[in-house]
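Coordinate analysis (summary)
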Amino acid sequence: MTINVTNADWNAVAPIIIVAITGLLVLLLDLLSPKNISRYAAILLGAAGMIVAGVVASLAYWSPAYVAFGGAFIQSGFGIVFQLIILIAGIGSLILVRPPVQNERIAGATALMLWGTCGAMLMAGAGNLMVVFLGLELLSLALYCLCGLADRPSSRESALKYLILSSTASGFMLYGMALLFGASGSVAFADLANPALASSALLWVGGGLFLVGIAFKLSLVPFHAWSPDVYEGAPLPVTAFMSVATKAGTLAVFARFMYAALPAGTADRLLLPIWIVAAISMIAGNVGMLAQHDLKRLIAYSGIAQVGYILTALAGGTHLGLRYAIYYLAAYTFMNLGAFAIATTMSGDREEGSHLANYRGYGRRNPVGAALMTFFLLAMAGLPPTAGFLGKILILSSSVGAGYAWLGVVLIIGTAISLYAYAKVVRAMYQRDEHVHAFEGHAPAPLAWASAAICFVVIIVMTFYPYTPSNVLPIVK
Amino acid sequence: MIELLLILVPVVIGAAMQFGRDDENEKWSRWTGALVAAVMFFLALASRGTEWSFRWLSRPFTSAFHFGPTAISYWIVLLLAVCTFSAILAVNQPRRRRFIGQLLMLEGTMMGLFLARDLLAFALFWDAMLLPVFFTLLGWGGHSGTAWRYFLYNFAGGLTLLLATAAFGMLYGSTDVIGRTDVHLVGAWVPWIFIGFSFAFLVKTPVWPLHTWMPITYSDTPSPMVAVVSAVQSKAGLYGFIAIAMATMPDYVKTYAPWLIVLGIVSLLYGAFIALTQNDAKRIVAYSSLSHLGLIVVAIASFNPIALQGAVLYIIAHGLFSAAIFLTLGYVESREETRSLVRLGGLGASNPRLAGALCIAALAALGLPGLAGFVGEIVILTGVFQAGLVWPAILALIPIVLASAYMLRLFQGIMNGPEVPDLPVRADLNWIEGLALAPLVIALVVLGVNPHALTTFNPSAYNATTVSQGASK
Amino acid sequence: MIAFWILAVIMLGSAIWCISASKPVYSVVALLLHFAALAAMYLTLNAEFLAVIQLIVYSGAILILFLFVIALLSSGVASFSVGPNRLPRIAIPAIVLIALALGFFTYAMGHAGAVVPAAQAGSPLGPVGTADVFGSVNDFGKALFTSYLLPFEITALLLMVAVIGVILLAGDHAPYVATRKHAAEVRREMREAILREGRQ
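Just so it is clear, the model here is predicted, and its values are computed rather than measured. (Residues numbered from 1 in each chain as written. Chains lettered and ligands numbered in written order. Predicted model: local features only at pLDDT ≥ 70, side-chain atom pairs only at ≥ 80, totals over all residues.)

1. Points about the overall build of chain A
A count of helical and extended segments in chain A gives 19 helices and two strands. Since a compact globule built from 477 residues should have a radius of gyration of about 23 Å, the 21 Å found for chain A is in line with a globular shape. For chain A, the spread of C-alpha atoms along the principal axes amounts to about 70 × 55 × 40 Å. Across the 477 residues in chain A, those meeting the buried criterion constitute 67%. In chain A, the share of contacts with a sequence separation of at least 24, taken over all contacts with a separation of at least 6, comes to 79%. (Helix = DSSP H or I, 4+ residues; strand = E, 2+ residues; numbered from the N terminus. Rg over C-alpha atoms; globule rule 2.2 N^0.38 Å. Buried ≥ 20, exposed ≤ 12 C-beta atoms within 10 Å, placed from the backbone. Contact = placed C-beta atoms within 7 Å.)

Following this line, the structure appears as structure tokens:
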């Protein structure tokens, strides 16, 4: 089974190659340039590289799908849309890099973030289990290091926790993959869709273990406990990146597995645990948010629930559901990046922007920032006029249409709970509390402000022009 | 295009007023706000028969930003414009500019709600109109628990509305249905859709037993805001019943009509009896609202054209007099720093204009002939009788008698009796405060004498036929 | 089959020894045993190439690296620092879970049908080094650079990320103190400290 690798194969992974090479260039630039300019230079070069990659990727969107490297990588609308979301997450979090990541480390952090992005992008386009696993490990390895970059013990704790727990989950996933390989005799997704496998116990056991790994990476309950701790310790931009890119990449793998790689008739039964887990996550994630005093923990729990919403859209396996899941994922990306951008503008060496206590009276100190933060939080809660609102209605419609109305009802209940948690932050910002200790902002962060403004505009535009890409049905061959 | 202006102008100006230092431009804000509200009134007047539409979703169901007043909502929009104008002039809260900005945002979002011809847009503004009230309660309200209770109750309603809207869209293929007469929803899902809508509407109205957020909200919200909330926002649920539930799924409304009538009657009686026992002036009016709105629910559920006309009349009338009462109580509170009927007393002698204003509003509320409240009540009762619902009509008479009792008690407790020596009695109404009340009082009288304009809509568009079918007990 | 069971017991036993050993050196020895048994198991599966790689890379290179680190830190003889022992508390749930999982897998595998797909099962098994047989160097190399070229390239990137990440994390010993020193200053101090130790 030898194949010929041609230029077209390399073109299919061109965006990933561009991002990877940008990472090397960033390191080179850091080596050659004076220290005081290298910080912004590294970030801007990294962002520029990702923008170029995004342009290259989107150019291929309308061209016919191409199966590269003998099925290892698939260039199609599905993968490209996910890659674009991941690139946006990469850019949006890269430009937030500031202290406490020290200046000397910024070039390295930039390079790692770029390579992590590569990993997630590989997952989005992966056509076989091997590339899925390598992409995941590339992403995770970069994140282990990034988590530990802040200069404080909690950051190291975060890195270590993530390393150990994530490796365990990778072990589960790898075992599942091995069994799937045993079932089909091939690592390719394409060979899993063989109807003869529907009765193979290996498929069921392997698929189950594989899904455990997926559930861990998506931080679904009961595999969620790591995410608040890891998010809390990691530096802000890393948390921003992790909260979106990991989820986007894993969701892409899950959607491809679910839509294209399962033998006919197995999806309903094999995936039922995932829907149940998604329902539990929607409730538990939102309940977990209520007690949080740290923005990053809050977002971690919020992310647990939001993934539940996205899975609600996927339940039933309709094409429309997938489109709405992507729409919501994109909306979630911008809401999260926006909230993290505002938190970054408040932060200095000690990341003050991640402590919710520091938001008391923020509405008085900085009305624009508070208004934007309110907007992003209410978008996460799904209040109008935001893409969160429209995304929820689209998800509800698709769940009703696909016969999973019970997930829609759970979504409604979860949203009602979540509102309290989000509104609590909003209330703190606008509280008439005269006794707040004056907390002063930090050095201006023009990039973060720009990011917040862009996120705001995009969310508004997404609300009123709800474009959902149509060319996204995943293929495996 | 007028619709777009009606929605966006108040929201944008109101939002702009939130920025800047606390004490800047306080003086100008009132006149800016009043000017905007007045312009909105004339725009609303001119909006009759206009429509504006812009495609929003094409799948999974078609949906549009489709705005334009219906025959019923036209009047509610006018009511909203008048009430906002009056409320803005009556603002005497600290941080006035921000407060007026919140009022304007409330106006804009509610304009969106009542002008919406699309269910999805309706649901969008349903949630959006909660925010200004929530922020006002946080910034100016008494106890922060009130804000939460208001917000969570109503947002829960908004969520079921959202779910029902999604199901509606999936079933019918379009949500662009408000004001259309050819939509008739059938299917196994429809009862659930109806229940989803009803929950939202009943919470918003409110109706017993979902009213528990209401008295505390009404008494804690500053008077200008609560005037608008009780006058207009509480009508959103009733309008939803008429324009959405009755118009698109009449069979199911008829099936559930007995339940609605029971809930309406219970609210009617419960509200009236509790109002008799309250000591806080604003709570009296809050419970009287529960009672009055219960009457409208009964009217709607009786599926009778005359009752429906009466319901619309009473929606407007209740809006006018409850706004007037709340604004007047606001004046009293800002002068005497209390709302307790035990503490207050004898203000009438030194404040004749204040007493006169409260008198007119209270008389309208208890249904004095010649004022708008009477017309609404009498038409509703006639319609309910005609629908064959004799016992509900008789039961509905009791609270109307009780209304006289609690409204007079309210008036006497504040204005009559010996002057209380330790009350900080200050000046009578000044001309701005008078100007604030004037449009409401004029409208009450005009509509009381000539209510015909309000009843020009066609009740059969809402499936209210002369022969009542499902609603007879 | 007998070989499998013997090797399995050795592997499991050494794995448990590895994580429960009281001194790092013992752990490393246990790991060595584990890797050797794994290599042997590869041999029984006719994967000679993998077996050799396993011995060379893991037992040869990585374990030696571990030993070097332990020797350099000169804590090989010292015990792991003792914290509260949580093992008893989680032992029973863990054993129950493992038993459940084992039972589940045994049941599932029992109903699995053909484990090795026909295509691979029928491929010829020849002596190591000959061309075009399953598991041979030739076959392996060909697959690596054609069908699995992309994963191979990703692996290169993966290793680079690991290297850069480690440099980034370990290279700059920023102290956990509030007054942060300039990095150059820290580096100079470190150099001096190393020189001092060298002299002693």
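2. So, the overall build of chain C
Each helix and strand counted, chain C has eight helices and zero strands in total. Counting from the amino terminus, helix and strand elements in chain C follow one another as α-α-α-α-α-α-α-α. Every one of the 200 residues in chain C was classed for burial, and the buried ones make up 11%.

3. A look at the confidence of the model for chain C
Residue and element names in this part refer to chain C. Confidence in the prediction for chain C averages 74 pLDDT; 67% of positions are at 70 or higher. Confidence drops under a pLDDT of 50 for residues 114-131, and excluding neighbours within four residues, the segment shows 21 contacts in the predicted structure. The low-confidence segment residues 174-180 (pLDDT under 50) makes six contacts with residues lying over four places distant or belonging to another chain. (pLDDT = per-residue confidence, 0-100.)

4. What about the interface of chain B and chain A?
Taken together, the 27 residues of chain B in the interface contact 24 residues of chain A. Take the side of chain B that touches chain A: its biggest share by element is 14 residues, from helix 7 (residues 144-172) of chain B. Taken together, the residues of the side of chain B that touches chain A break down into 19 nonpolar, six polar and two charged. (Nonpolar A, V, L, I, M, F, W, Y, C, P; charged D, E, K, R; others polar.)

5. Overview of the pairing of strand 2 (residues 63-67) of chain B
Every regular strand shows the same layout, with side chains that alternate between the two sheet faces. All names here are of chain B. Within strand 2, four of the five residues are buried, leaving the element largely enclosed by the surrounding structure. Direction of pairing for strand 1 (residues 52-57) relative to strand 2: antiparallel, over a ladder of five bridges. Residue pairing for strand 2: arginine 55 is matched across the bridge by alanine 64. Where strand 1 folds back on strand 2, the antiparallel hairpin that results is connected by five residues. (Pairing = 2+ DSSP bridges.)

6. Considerations on the environment of serine 174 of chain B
Residues and elements named next belong to chain B. Mapped onto the elements, serine 174 comes out in the loop between helix 7 and helix 8 (190-204). On a C-alpha basis, the gap between serine 174 and serine 267 in space is 35 Å, while along the polypeptide they are 93 residues apart. For serine 174, the residues in contact, after removing those within four places along its chain, are Phe61, Thr62 and Gly169.

7. A closer look at helix 2 (residues 26-46) of chain B
All names here are of chain B. Along its 21 residues, helix 2 runs 31 Å from first to last C-alpha, staying within 8% of the 30 Å computed at 1.5 Å per residue. All buried positions along helix 2 are accounted for by Ser29, Gly33, Ala34, Val36, Ala37, Met40 and Ala44. Along the axis of helix 2, the buried positions cluster into a sector of 165 degrees, meaning they face one direction only. Opposite the buried face of helix 2, at more than 90 degrees from it, the exposed residues are Lys27, Trp28, Trp31, Phe42 and Ala46. Where the residues of helix 2 are buried, they touch helix 1 (2-16), helix 3 (73-89) and helix 4 (96-115). (Expected span 1.5 Å × (residues − 1). Arc of directions from axis to C-beta.)

8. Details of the arrangement of the chains
Across the two pairs of chains that are in contact, the largest number of contacts falls between chains A and C. For the non-touching pair chain B and chain C, the nearest C-alpha separation works out to 36 Å.

9. Quick word on the environment of alanine 162 of chain C
Residues and elements named next belong to chain C. Within the secondary structure, alanine 162 is located in helix 7 (residues 149-171). A tally of 16 C-beta atoms within 10 Å means that alanine 162 is categorised as partly exposed. Taking the C-alpha atoms as reference points, alanine 162 and arginine 188, separated by 26 residues in sequence, lie 26 Å from one another.

10. A look at the packing of helix 16 (residues 352-366) of chain B against helix 19 (residues 431-449) of chain B
Residue and element names in this part refer to chain B. Contact geometry for helix 16 and helix 19: axes closest at 11 Å, N-to-C directions at 30 degrees. In this view, helix 16 runs roughly parallel relative to helix 19, as classed from their interaxial angle. Taken as a pair, helix 16 and helix 19 cross one another with a handedness that is left-handed. For the pair helix 16 and helix 19, the contacting residues are Arg353, Ala357, Ile360 and Ala364 in the first and Gly434, Leu437, Val441 and Leu444 in the second. Among the residues forming the contact of helix 16 with helix 19, the class breakdown is six nonpolar, one polar and one charged. (Axes fitted to C-alpha atoms, helices over the stretch in contact; angles between N-to-C directions. Parallel < 35°, antiparallel > 145°, perpendicular 65-115°, else oblique. Left-handed = near helix turned anticlockwise from the far one by under 90°.)

11. Regarding the environment of alanine 15 of chain B
Within the secondary structure, alanine 15 of chain B sits in helix 1. Residues alanine 15 of chain B and glycine 158 of chain B, 143 residues apart in the sequence, show an inter-C-alpha distance of 23 Å.

12. Looking at helix 3 of chain B
The end-to-end C-alpha separation of helix 3 of chain B is 24 Å, in line with the 24 Å expected for 17 residues at 1.5 Å each. Most of helix 3 of chain B is tucked away: 17 of the 17 residues are buried.

13. Looking at the packing of helix 3 of chain B against helix 4 of chain B
All names here are of chain B. For the pair helix 3 and helix 4, the least separation of the axes is 10 Å and the interaxial angle reads 180 degrees. In this view, helix 3 runs roughly antiparallel relative to helix 4, as classed from their interaxial angle. Together, Ser73, Ile76, Val77, Leu80, Thr84, Ala87 and Ile88 of helix 3 and Ile100, Leu103, Glu107, Met110, Met111, Phe114 and Leu115 of helix 4 make up the contact between the two elements. The class makeup of the residues in the contact of helix 3 with helix 4 is 11 nonpolar, two polar and one charged.

14. A word on the confidence of the model for chain A
This prediction gives chain A a mean pLDDT of 88; 95% of its residues lie at or above 70. Averaged over each element, pLDDT in chain A is lowest for helix 15 (residues 362-365) of chain A (80) and highest for helix 13 (residues 295-314) of chain A (94).

15. Digging into unusual backbone geometry
The amide bond that connects valine 221 of chain A to the next residue, proline 222 of chain A, takes the cis arrangement and shows omega of 5 degrees. The topology assignment puts proline 222 of chain A in the loop between helix 9 (201-217) and helix 10 (226-233). The residue after threonine 205 of chain B, namely proline 206 of chain B, is reached through a cis peptide bond having omega -10 degrees. Mapped onto the secondary structure, proline 206 of chain B falls in the loop between helix 8 and helix 9 (214-220). Positive phi, normally seen in glycine, also occurs at arginine 95 of chain B, with a value near 50 degrees. Relative to the helices and strands, arginine 95 of chain B is located in the loop between helix 3 and helix 4.

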